[in-house]
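Each chain, written out:
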Protein chains: 2
Amino acid sequence: MTTKEYIKEHEEKFLNDLFGIIRIPSISAESEHKADMQKTAEYWRDHLLSLGIEKAEVMPSTGNPIVYGEHIIDPNAKTVLVYGHYDVMPVAPLELWDQPDPFEPVIKDGYIWARGADDDKGQSMIQAKGLETAMALGYLKCNVKFIFEGEEEIGSAALYPFLEEHKDLLKADFIFVSDTSMLSPEVPSMTSGLRGLCYWDIEVEGPNRDLHSGIYGGTVANPINELCKIISKIVDENGHITVPGFYDDVVEMTADEREMNKQIPFSSEEFCKSIGVPAEQGEKGFNTPERRGSRPCFDVCGIWGGHMGEGSKTIIPSKAHAKISTRLVANQDHEKIAKLMVDYIEKIAPKTVKVNVKVSHGGQAYLCPIDLPAYQVAEKAIEKAFGKRPLAVRSGGSIPIIAGFERILGIKSILMGFGLETNGIHSPNENMPLDMWFKGIETVAEFYKLFGTGN
Amino acid sequence: MTTKEYIKEHEEKFLNDLFGIIRIPSISAESEHKADMQKTAEYWRDHLLSLGIEKAEVMPSTGNPIVYGEHIIDPNAKTVLVYGHYDVMPVAPLELWDQPDPFEPVIKDGYIWARGADDDKGQSMIQAKGLETAMALGYLKCNVKFIFEGEEEIGSAALYPFLEEHKDLLKADFIFVSDTSMLSPEVPSMTSGLRGLCYWDIEVEGPNRDLHSGIYGGTVANPINELCKIISKIVDENGHITVPGFYDDVVEMTADEREMNKQIPFSSEEFCKSIGVPAEQGEKGFNTPERRGSRPCFDVCGIWGGHMGEGSKTIIPSKAHAKISTRLVANQDHEKIAKLMVDYIEKIAPKTVKVNVKVSHGGQAYLCPIDLPAYQVAEKAIEKAFGKRPLAVRSGGSIPIIAGFERILGIKSILMGFGLETNGIHSPNENMPLDMWFKGIETVAEFYKLFGTGN
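Model, not experiment: these values are computed from the prediction.

**Some details on the overall build of chain A**
Now for step 1: Assigned secondary structure in chain A consists of 14 helices and 18 strands.
Now for step 2: Its C-alpha radius of gyration of 25 Å places chain A within 12% of the 23 Å reference for a compact globule of 455 residues.
Now for step 3: Once the C-alpha set of chain A is aligned to its principal axes, its extents read approximately 85 × 50 × 45 Å.
Now for step 4: Counting the 455 residues in chain A, one finds 60% classified as buried.
Now for step 5: Within chain A, contacts between residues at least 6 apart in sequence are counted, and of these 79% link residues at least 24 apart.
Now for step 6: If you average the places of the 47 positive and of the 67 negative side-chain charges in chain A, the two averages end up 5 Å apart.

In structure tokens form, the structure reads like this:
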């Protein structure tokens, strides 16, 4: 029996298993669902055991419980650690859903409609059903561990200490994650990178009170003028960040990655139209898909000072403020970048004002080298199910826990996601196309068929 | 009898005349004092007539009444138009005054304490008593007109149309104003210039909504980044405004003025300490007193955009805003400057955002050439009363009505003020040193003695 045939035969059962977990409204952001979190974790434990996984349990954490499972077929074989999350986003406003109950899945027009159909119950179940298929067909040649958390949508606060505490238990060769998206079924892709972040608060302090701009204008530094000058000096006319040492650790794209980047379907016109801008703008020498995922950038996220109300007030304000951020790429260390920026701003700030730059927070970037054996197996599995080699796409956003896995457990994650941009995650009418879901299961099963001894 | 002797002899009477007008609480900003405005105007009319002025009347305006008086001794002689205002500022908070009633003048420690003791009842009465003295001693060789308004503290809205309507009535050779300050009795000065103003609102519009800075960072122009760049390009590293044509009409200081500027008592250390800044900053080639009054400047009065609350929000904001202003000096035309700035910003703005610059308002600068005959007579009169030639000081602020006189009536104003910075105008415990007040009267009388046929 082929993988496809096995899945075809079990379609109804697979869907019912998914629907069972979708029906529990495990909204982590709403405290009245506390009992549902426990219930969902127990559903997963029972379901993993039902697949024939030798051990599965609901473990306490500092927050919602964490489901751990393991299936060790050979202590000397490779070990895959599957990560997913069983919590979902809130559903309000209910009236924007086309179905009365977002937790009662509906199959319509070739889609599964429900909160969690994609993020991440649908995708986690792809992992479970893929493994089930692989086990049934005798593909499995590696050990598998599972970790499903219940707080991804509210920041994974409990997972970090859990990882620290259970490093041995969670030992694996890599982490397998289905919680991201593909470009489209016709242009399959994997997320090979995530950007990191560094965020600062700047305060520029001038006179000890707002001054009359007639009496003092032209004689003292204006904190807003100076803040603007500082900000304008951080990026040059080529879109390059001027902070000394800023690019030192940036891992440049390989020729293969740049080649794949070119194949990403992208229309400048549609891109600009979708966000209502006259033209793109970014670092010279790179196109928009490259700039988005593979290049760091500098953005002011907020600025304020002086008179912000109606009419005019002729003052030199006492203070000006900004919240500034950089997105980072591997292997930029956010703590190192944080310090470089502080040093630079202190260096370029005029002596006529007091400038206070505080590091607000940061997160590491993540990069999965596309020559990593497990990544290459995943590529082949996708090619088998989707008919095309997936493009490696570095994503512009951040998934902090992925960098957390690397930092705490010291291992890479393979981000093999089966979502689509149109799936409406976090929004009303969340959905998952049925064919993507079944192809996802097939991909995971094919992965296990290809992975094991030898890679 | 000398001028001094005459004034000495009439001290009590002069003070009583002043106290009479101070006692009417003519607060223009408070509508419950409407009747007091009429009462004060009538007091002035009666008082002018009591001096022997041949004609004085309370004239209606679109706001509070305006007092007009004239004393024509010879249709071929020069004519002085004395301007003053009879309205005063509110007095709250009452508990900060050392006297129970700010409208019941107190003489203590050599000062007159009361609302209006300086601004402008005290100073207007200097003009009236100076003329009274001049008339009594037979000094008067010119015609005199009076115009006292009742809305200076709330913007003089009614005065502008009044001037337009009564151009013929108000015909004069110059306007004589006592409503400004001197540096000190030891360093007498006259205000020879006032700065103008131009004020704009800028809006920089980027994407049609706030964007996720991870997904879009580095691919589109950030409106705050761009606004900061625009602002930073308006002033160069020498503190020079870069707008083409901006300085074309600036009247440079004469050598005499620069020489006088050097004599203005000024301590950088005290200046910085008083406003809590580490150092001065301004246009290269000029010192602080020069920068304040004789040079234009550019200040951002307010800026805002994006996330201004607590914590961090990783966005590229849709819009950014600023309120920007320039202080202008003669003969910069605020309407011309308004357009130059708009053109410049539109030129330097990147094509990746929409930039909207709107002119908010403006006002002309004022310059009294210090070689104007009436100015030079005023200088001599001050020298006679104070023992020193007064320094010509260009002030950093604006008195819109002074530019209005020049624009509508086509004549210059001589700003011969006897206030001191320590007089607390607009504040609790407003005061006027008795010796300044009497010296002011002497100066005005000496002015009339020197001015007339020949100048």
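**Quick look at the relation of the copies chain B and chain A**
Now for step 1: Laying chain B over chain A is done by rotating through 180 degrees and shifting 0.1 Å along the axis; what remains is an RMSD of 0.1 Å. Both copies of the chain, as the preceding transformation shows, are related through a two-fold rotation axis.

**Description of the domain arrangement of chain A**
Residue and element names in this part refer to chain A.
Now for step 1: Annotation of chain A at the domain level lists domain 1 (3-194 + 365-450) and domain 2 (198-250 + 296-363).
Now for step 2: Between domain 1 and domain 2, the residue contacts involve six residues of the former and five residues of the latter.
Now for step 3: Carbon and sulfur atoms make up 51% of the area that domain 1 and domain 2 hide from each other, which totals about 400 Å².
Now for step 4: Its largest share of buried area at the contact with domain 2, domain 1 owes to Ala365, Leu367 and Ser398, together 69% of the area lost on that side.
Now for step 5: Among the residues forming the side of domain 1 that touches domain 2, the class breakdown is three nonpolar, three polar and no charged.

**Quick look at the pairing of strand β1 (residues 55-59) of chain A**
Working note: regular strand, side chains alternate between the two faces of the sheet.
Residues and elements named next belong to chain A.
Now for step 1: Relative to strand β2 (residues 66-71), β1 runs antiparallel, the two being bridged by five bridges. By the bridge assignment for β2, valine 58 is matched with valine 67.
Now for step 2: Between β1 and β2, which follow one another and run antiparallel, lie six residues.

**Brief notes about the interface of chain B and chain A**
In many reports, interface size means the accessible area that the parts give up when they come together.
Now for step 1: In this complex, chain B contributes 72 residues to the contact, which on the side of chain A involves 72 residues.
Now for step 2: Taken together, the connections running from chain B to chain A amount to zero salt bridges.
Now for step 3: Seen at the junction of chain B and chain A, the total is 39 residue pairs in polar contact (both at pLDDT 80 or more).
Now for step 4: With ten residues, strand β11 (residues 297-306) of chain B is the single largest residue contributor to the side of chain B that touches chain A.
Now for step 5: The sheet contact formed by strand β11 (residues 297-306) of chain A and β11 of chain B spans five bridges and is antiparallel. Residue tryptophan 304 of chain A lies in a different strand from β11 of chain B, and its bridge partner there is tryptophan 304 of chain B.

**Description of the packing of aromatic side chains**
Now for step 1: Summed over the entire model, instances satisfying the criterion amount to 32 aromatic pairs over all chains.
Now for step 2: Each ring, one from phenylalanine 447 of chain A and one from phenylalanine 451 of chain A, has its centre 5.2 Å from the other, and the planes form 20 degrees; the classification is stacked.
Now for step 3: Owing to a relative accessible area of 0%, phenylalanine 447 of chain A belongs among the buried residues under this scheme.
Now for step 4: A centroid spacing of 6.3 Å and a plane angle of 80 degrees characterise the contact between phenylalanine 176 of chain B and tyrosine 448 of chain B, whose relative ring orientation is edge-to-face.

**A few points about the pattern of salt bridges**
Now for step 1: What the rule picks out here adds up to 50 salt bridges over all chains.
Now for step 2: With a closest N to O distance of 3.0 Å, lysine 13 of chain A and aspartate 17 of chain A form a salt bridge. Of this pair, lysine 13 of chain A and aspartate 17 of chain A both sit in helix α2 (residues 11-22), four residues apart, which is roughly one turn of that helix.
Now for step 3: Notably, a salt bridge pairs lysine 4 of chain B with glutamate 442 of chain B, separated by 2.8 Å at the nearest N-O pair. Of this pair, lysine 4 of chain B sits in helix α1 (residues 3-22) while glutamate 442 of chain B sits in helix α13 (residues 434-450), and the two are 438 residues apart along the sequence.
Now for step 4: With relative accessibility at 48%, the residue lysine 4 of chain B sits in the partly exposed group.
Now for step 5: With a relative accessible area of 6%, glutamate 442 of chain B lands in the buried category.

**Some details on the packing of helix α4 (residues 121-136) of chain A against helix α14 (residues 434-450) of chain A**
All names here are of chain A.
Now for step 1: Across the interface, α4 lies against α14 with an axial gap of 7 Å and an inter-helix angle of 45 degrees. Relative to α14, α4 is oriented oblique. Where α4 crosses over α14, the handedness of that crossing is right-handed. For the pair formed by α4 and α14, the contact residues are Gly122, Met125, Ile126, Gln127, Lys129, Gly130, Leu131, Thr133 and Ala134 on the first element and Trp437, Gly440, Ile441, Val444, Ala445 and Tyr448 on the second.

**Quick notes on the sheet that holds β11 of chain B**
Now for step 1: Within the open sheet, the eight strands sit side by side as β14(A)-β9(A)-β13(A)-β11(A)-β11(B)-β13(B)-β9(B)-β14(B). Their pairing is antiparallel. Every other strand in the sheet has two partners, leaving β14 (354-363) of chain A together with β14 (354-363) of chain B as the edge strands with one partner each. Neighbour to neighbour, the strand axes of the sheet diverge by 20 degrees on average, direction disregarded.
Now for step 2: Along the sheet, helix α6 (residues 223-232) of chain B makes contact with β11 of chain A together with β9 (196-205), β11, β13 (319-328) and β14 of chain B, crossing β11 of chain A at roughly 65 degrees.
Now for step 3: Contacting β9, β11, β13 and β14 of chain B, helix α10 (residues 334-348) of chain B runs over the sheet at an angle of about 25 degrees to β9 of chain B.

**What to know about the nonpolar core**
Residues and elements named next belong to chain A.
Now for step 1: If you look at the biggest cluster of nonpolar residues, it comprises 92 residues, and the most contacted ones within it are Phe176, Met416, Trp437, Phe447 and Tyr448.
Now for step 2: Ranked by residue count, the leading element in this core is α14, at nine residues.
Now for step 3: Excluding its chain neighbours within four sequence positions, the residues that come into contact with phenylalanine 176 are Val80, Leu81, Val82, Tyr83, Gln127, Ile414, Met416, Val444, Phe447 and Tyr448.

Rules used in this analysis
Residues numbered from 1 in each chain as written. Chains lettered and ligands numbered in written order. Predicted model: local features only at pLDDT ≥ 70, side-chain atom pairs only at ≥ 80, totals over all residues. Heavy atoms only, no water. Helix = DSSP H or I, 4+ residues; strand = E, 2+ residues; numbered from the N terminus. Rg over C-alpha atoms; globule rule 2.2 N^0.38 Å. Buried < 20%, exposed > 50% of the residue type's maximum accessible area, 1.4 Å probe, protein only. Contact = heavy atoms within 4.5 Å. Lys, Arg positive; Asp, Glu negative; His and termini not counted. Charge placed at Lys NZ, Arg CZ, Asp CG, Glu CD. Least-squares fit on C-alpha atoms with pLDDT ≥ 70 in both. Domains from an automatic or database assignment. Buried area = accessible area lost by both parts, 1.4 Å probe. Nonpolar A, V, L, I, M, F, W, Y, C, P; charged D, E, K, R; others polar. Pairing = 2+ DSSP bridges. Salt bridge = Lys/Arg side-chain N within 4 Å of Asp/Glu carboxyl O. Polar contact = N/O pair within 3.5 Å; in protein donor to acceptor, adjacent residues only side chain to side chain. Phe/Tyr/Trp six-rings, centres within 6.5 Å; stacked < 30°, edge-to-face > 60°. Axes fitted to C-alpha atoms, helices over the stretch in contact; angles between N-to-C directions. Parallel < 35°, antiparallel > 145°, perpendicular 65-115°, else oblique. Left-handed = near helix turned anticlockwise from the far one by under 90°. Core = buried A, V, L, I, M, F, W, Y, C linked by side-chain atoms within 4.5 Å.

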